[in-house]
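Okay, here's what each chain looks like letter by letter:
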Amino acid sequence: MIATETLARLEFDKLLVEISRHAHSSSSVERVHNIHPLGELKKIRITSGQVDEIRALDRSGISLALGSFEDIRPSLELLRPIGAILAPLELLLFIPVLRLFADVARQFAHRDDIPLLKLIEPQLRALPDILEPLVASIDSDGSIMDSASPLLKETRRAKRGLAGRIRKKIEEIIRDSGIEKFLQDDFITQRSGRWVIPVRMDSKGMVKGVVHDVSASGETAFMEPLEIIPFVNELENLNAEEKAEEIRILRQLSSWIREDAEQIAAGFETLLEIDRLNCMARFAIEYDLQPTTLNEVGELRLVAARHPLLLMMQKRGLLTKVEPLGLALGGSEPDAASVMVITGPNAGGKTIALKTAGMLVLMALSGLAVPAGPGSTFPLLDSLLVDIGDEQSIEQSHSTFSAHAARITDVLGRSGARTMVLLDELGAGTEPLQGAAIACGVLHELQQQGSMVIATTHLSDIIGFVHRTPGMINAGMEFDDARFTPLYRLIVGEPGQSHAVEIARRFGMPERVISFARQMLGNAGSEFAGLLTELRQRRSEYEKLCAGLEDRERLLDQRSAELDRRADQVLQIRKEAAEKGWNDAKELISATRRRTNALLEQLKREKRSEIVDELRRTETKLTEQLKPQAVSQELLPLKTVTPGDTVHIRSLGCDGVVLSFEVRSGKTRVRAGRMELDVPLAELAKARAKGDAGKSKRVAAPWKVDVVGSEECELKLIGMRVDEALAELEPFINHAHAAGLRELRIIHGLGSGRLRDAVREELERHPLVEGHRQGEAHEGRDGATVVTLRV
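For clarity, every value in this text was computed on a predicted model and none was experimentally measured. (Residues numbered from 1 in each chain as written. Predicted model: local features only at pLDDT ≥ 70, side-chain atom pairs only at ≥ 80, totals over all residues. Heavy atoms only, no water.)

Draft legend 1. Here's a closer look at the overall build of the chain. Secondary structure summary: the chain contains 22 helices and 23 strands in total. For the chain, buried positions account for 42% of its 791 residues. Residue pairs at least 24 apart in sequence account for 67% of intrachain contacts in the chain once pairs closer than 6 positions are excluded. (Helix = DSSP H or I, 4+ residues; strand = E, 2+ residues; numbered from the N terminus. Buried < 20%, exposed > 50% of the residue type's maximum accessible area, 1.4 Å probe, protein only. Contact = heavy atoms within 4.5 Å.)

Here it is as structure tokens:
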């Protein structure tokens with residue numbers, strides 16, 4: 001359990017105040033302020049997952065159906081006694097709450113992407129039997145509306161009518177009885193619920209009526225004329241009936257709420273929980289925070305972490321930049337460090353780094369999203385112990401050191417495994433040598449107990465101890481030696497320097513004091529500072545080398561991607577060439593089949609031997625056209641090339657021009673047409689002679705049907721399936737149109753009619769066909785279709 005004192009020292013309460021700005025009620029604000037670290041991994045992951053689901057809805061443009069509402073729990077407590085009645089204003093509080101019940105329940109009902117939000121029990125459900133009467137009865141100002149009941153509506157209508165009659169009667173009395181001259185003014189008003197007129201005090205005996213009030217000056221008597229007393233009495237009766245009906249309505253509404261009081265109270269707790277989670281999600285969206293990743297191996301890894309309070313200051317313009325923090329402690333690796341000691345200059349960011357680590361751990365354990373980059377992970381802890389700030393006390397006779405010593409003693413007594421300890425200014429407040437010795441003892445003891453420790457100090461004697469001890473690591477806040485200013489960046493593995501002398505000079509301390517201080521430091525201090533400076537310079541050189549290697553690796557990746565892209569282009573060219581060859585072969589076969597069928601038909605009719613010879617010639621021609629063509633000369637491989645050479649590219653089967661040759665990689669850059677590509681030397685051969693290339697090109701030219709040479713402009717499809725027939729029909733029409741033919745005949749026969757219908761349907765949508773008709777008697781009637789082509 002993490003103590004409330006720890007939360008206060010790490011200013012967790014200030015974070016919660018910022019989160020509560022998104023709450024929709026004071027009750028939700030209170031619940032947000034009660035957010036605290038959880039001890040069970042399952043609960044943390046559920047809370048974090050629920051927040052992530054709300055954020056996912058927001059990315060889809062969906063916000064939770066929440067609005068302002070008030071706390072109804074005190075009103076529910078008032079309703080507990082049987083017969084208790086709530087006032088209209090108290091009943092009015094239930095309307096927005098019950099509306100939110102219905103809206104959220106409707107929003108959640110049919111969604112399957114929010115399983116964790118649906119785990120909140122009890123799930124909200126609409127209560128229309130209570131909400132609708134409340135809406136119909138209580139107005140926004142807390143008054144009871146006429147629509148609350150028919151009797152109330154009728155009673156109020158009767159009251160309004162009677163009041164009008166009373167006013168009219170009084171006007172008649174004033175006009176007809178001649179008492180107008182005794183009136184102080186000409187208005188009609190009410191006193192104590194009675195209708196009165198203002199009469200001068202010296203003339204009240206001249207008016208028949210009852211005095212109900214006197215003005216403050218004593219000069220006016222407010223009198224009720226005797227003639228209207230029966231009407232006013234009747235009005236009083238109506239008022240009593242109205243009041244009784246209003247009480248009955250309030251009693252009925254209160255009893256309905258009392259019947260479902262437990263369900264409403266439980267639903268209100270669910271509403272508060274949903275509003276709390278929504279506050280956490282809205283805060284995460286506002287500052288673009290990352291979902292929490294927890295582990296049970298005791299590993300803390302911060303990647304580009306920032307303190308949330310600093311982010312809030314940056315957003316309000318109080319800071320220009322927040323430096324990211326990166327560190328790693330603990331884990332399952334045997335050589336992982338569990339103790340980190342941060343050194344560096346005053347006001348250099350050591351305490352901020354300490355508080356950032358502590359704050360983010362608290363946020364992660366509370367299920368909140370964290371201001372850290374992907375890859376960050378947080379340990380599941382039982383306790384987080386801190387010693388931050390000066391606790392000197394005059395009343396308790398505590399100095400700075402004794403206050404720290406008392407606090408650290410308490411920390412040592414409560415630390416152990418699954419404990420994180422944050423110690424600020426360790427060993428400060430006493431003689432440096434003894435303070436450093438005590439600090440080293442504290443670090444050793446905490447390490448032996450299995451705690452994870454982050455400490456800050458100015459004592460350089462601690463650095464050597466940490467460096468020599470396995471499982472401990474130094475870290476320092478980076479400092480600009482040229483400008484003598486802190487950079488607020490944590491460098492892990494390298495101790496920092498206090499730079500007290502340089503900072504004192506920067507703030508105007510006299511130079512003679514600075515010089516004397518340097519003499520007092522002596523050679524040992526100068527040598528130590530020099531070693532640290534040299535270490536920083538080497539680290540800087542190492543970082544530059546790493547950056548250069550990263551740039552080179554990125555360049556190699558880009559070149560590899562370019563080669564892959566060009567290889568894909570080559571494959572695409574091969575694929576397109578293969579598809580073109582296949583299509584040409586299909587067209588050749590289709591045309592030959594048509595020619596063969598025509599010759600067979602002619603053979604059947606005329607039985608001529610020369611037609612058989614024609615068939616054999618067609619077969620020989622087809623065989624020759626489909627036969628692989630021999631290259632006129634052998635493609636000899638090349639051993640060397642020079643820019644400008646014409647070469648043959650084996651993989652593409654075409655010639656190209658050499659642009660350049662890289663000896664180290666053995667790659668040659670070649671231009672083939674408009675494409676440039678890198679080809680291995682082994683893929684290149686001597687270019688073919690122009691005569692051979694011309695012959696090959698002529699032989700490889702696609703075979704086309706000479707439609708003009710055909711004896712008849714017709715296509716016979718009898719006996720074919722629909723798909724086969726349509727495959728024959730398309731090229732036949734194309735070639736006929738290219739040959740300038742105007743009219744064609746398609747012979748498909750009668751049969752079942754499927755082939756005929758398919759052919760005519762294809763002709764209907766063909767762009768080269770102007771029209772078609774059924775054949776005449778001499779053309780084959782319905783067994784043939786005559787086609788007219790476009791000009």
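Next comes the rest of the write-up.
Draft legend 2. Expanded view of the side chain of Ser451. The residue Ser451 is located in the loop between α15 (432–448) and β12 (452–456) in this model. At a separation of 3.0 Å, a polar atom in the side chain of Ser451 contacts the main-chain carbonyl oxygen of Gly416. Apart from residues lying up to four places away in sequence, Ser451 is in contact with Ser338, Ser415, Gly416, Thr419, Val421 and Leu446. (Polar contact = N/O pair within 3.5 Å; in protein donor to acceptor, adjacent residues only side chain to side chain.)

Draft legend 3. The arrangement of the sheet that holds strand β20 (residues 714–716) in detail. Taken in spatial order, the 4 strands make up an open sheet running β20-β21-β23-β22, and their pairing is mixed. Only two strands of the sheet have a single partner each, and these edge strands are β20 and β22 (769–774). Across the sheet, the mean angle separating the axes of adjacent strands is 20° when strand polarity is ignored. Strand direction decides the pairing type here: β22 and strand β23 (residues 784–789), joined by 5 bridges, are antiparallel. (Pairing = 2+ DSSP bridges. Axes fitted to C-alpha atoms, helices over the stretch in contact; angles between N-to-C directions.)

Draft legend 4. The packing of helix α7 (residues 94–109) against helix α11 (residues 261–287), seen in detail. It is the contact of α7 with α11, at a shortest axis distance of 11 Å, that shows an interaxial angle of 65°. What the angle tells us is that α7 and α11 run roughly perpendicular. The element α7 and its partner α11 pack so that their crossing is left-handed. Here Phe94, Val97, Leu100, Phe101, Val104 and Phe108 of α7 come into contact with α11, specifically with Ile264, Gly267, Phe268, Leu271 and Ile274. Of the residues that constitute the contact of α7 with α11, the class distribution is 10 nonpolar, 1 polar and no charged. (Parallel < 35°, antiparallel > 145°, perpendicular 65-115°, else oblique. Left-handed = near helix turned anticlockwise from the far one by under 90°. Nonpolar A, V, L, I, M, F, W, Y, C, P; charged D, E, K, R; others polar.)

Draft legend 5. Structural context of the environment of Arg721. Looking at where Arg721 falls in the secondary structure, it is placed in the loop between β20 and α21 (722–738). Put simply, Arg721 and Arg754 are 33 residues apart on the chain and 9.4 Å apart in space, counted from C-alpha to C-alpha.

Draft legend 6. How the structure looks around the nonpolar core. In terms of nonpolar packing, the biggest core is built from 104 residues, with Phe12, Leu134, Met363 and Met420 touching the most fellow members. Looking at this core element by element, the count peaks at 13 residues for α11. Contacts of Met420, omitting those with residues within four sequence positions, involve Leu300, Ala357, Val361, Leu381, Ser383, Leu384, Leu385, Met452 and Ile454. Membership of the second largest hydrophobic core comes to 21 residues, among which are Val339, Leu385, Cys440 and Phe465. (Core = buried A, V, L, I, M, F, W, Y, C linked by side-chain atoms within 4.5 Å.)

Draft legend 7. Quick look at the pairing of strand β15 (residues 646–649). Two elements, β15 and strand β16 (residues 654–662), share 4 bridges in a ladder whose sense is antiparallel. In the strand pairing of β16, Ile649 is matched with Cys654. One ladder, built from 3 bridges, connects β15 with strand β19 (residues 684–686); its direction is antiparallel. Within β19, the residue paired with Ile649 across the bridge is Leu684.

Draft legend 8. View of the confidence of the model for the chain. Confidence along the chain averages 83 in pLDDT terms, with 86% of residues attaining 70 or more. Note that residues 628–633 has pLDDT below 50 and, in this model, 8 contacts with residues that lie over four places away or in other chains. Confidence over residues 691–712 falls short of pLDDT 50; this stretch has 20 contacts with residues more than four positions distant or in other chains. (pLDDT = per-residue confidence, 0-100.)

Draft legend 9. A look at the packing of aromatic side chains. This structure, assessed with the given rule, holds 2 aromatic pairs. Plain terms: the ring middles of Phe69 and Phe268 are 5.8 Å apart, the flat faces sit at 90° to each other, and that makes the pair edge-to-face. You can see Phe69 sitting in the loop between α4 (41–59) and α5 (73–78) and its partner Phe268 sitting in helix α11, a full 199 residues away along the chain. Grouping residues by exposure puts Phe69 and Phe268 together as buried. On the basis of an interplanar angle of 50° and a centroid distance of 5.1 Å, the ring pair of Phe283 and Tyr287 is categorised as tilted. (Phe/Tyr/Trp six-rings, centres within 6.5 Å; stacked < 30°, edge-to-face > 60°.)

Draft legend 10. Here's a closer look at the environment of Phe661. Among the secondary structure elements, Phe661 is positioned in strand β16. Its relative accessible area of 31% is what places Phe661 among the partly exposed residues. Expressed as a C-alpha distance, the spacing of Phe661 and Thr642, which sit 19 residues apart in the sequence, is 7.1 Å. Those residues in contact with Phe661 that sit more than four places away from it in its chain are Val641, Gly666, Lys667, Thr668 and Leu681.

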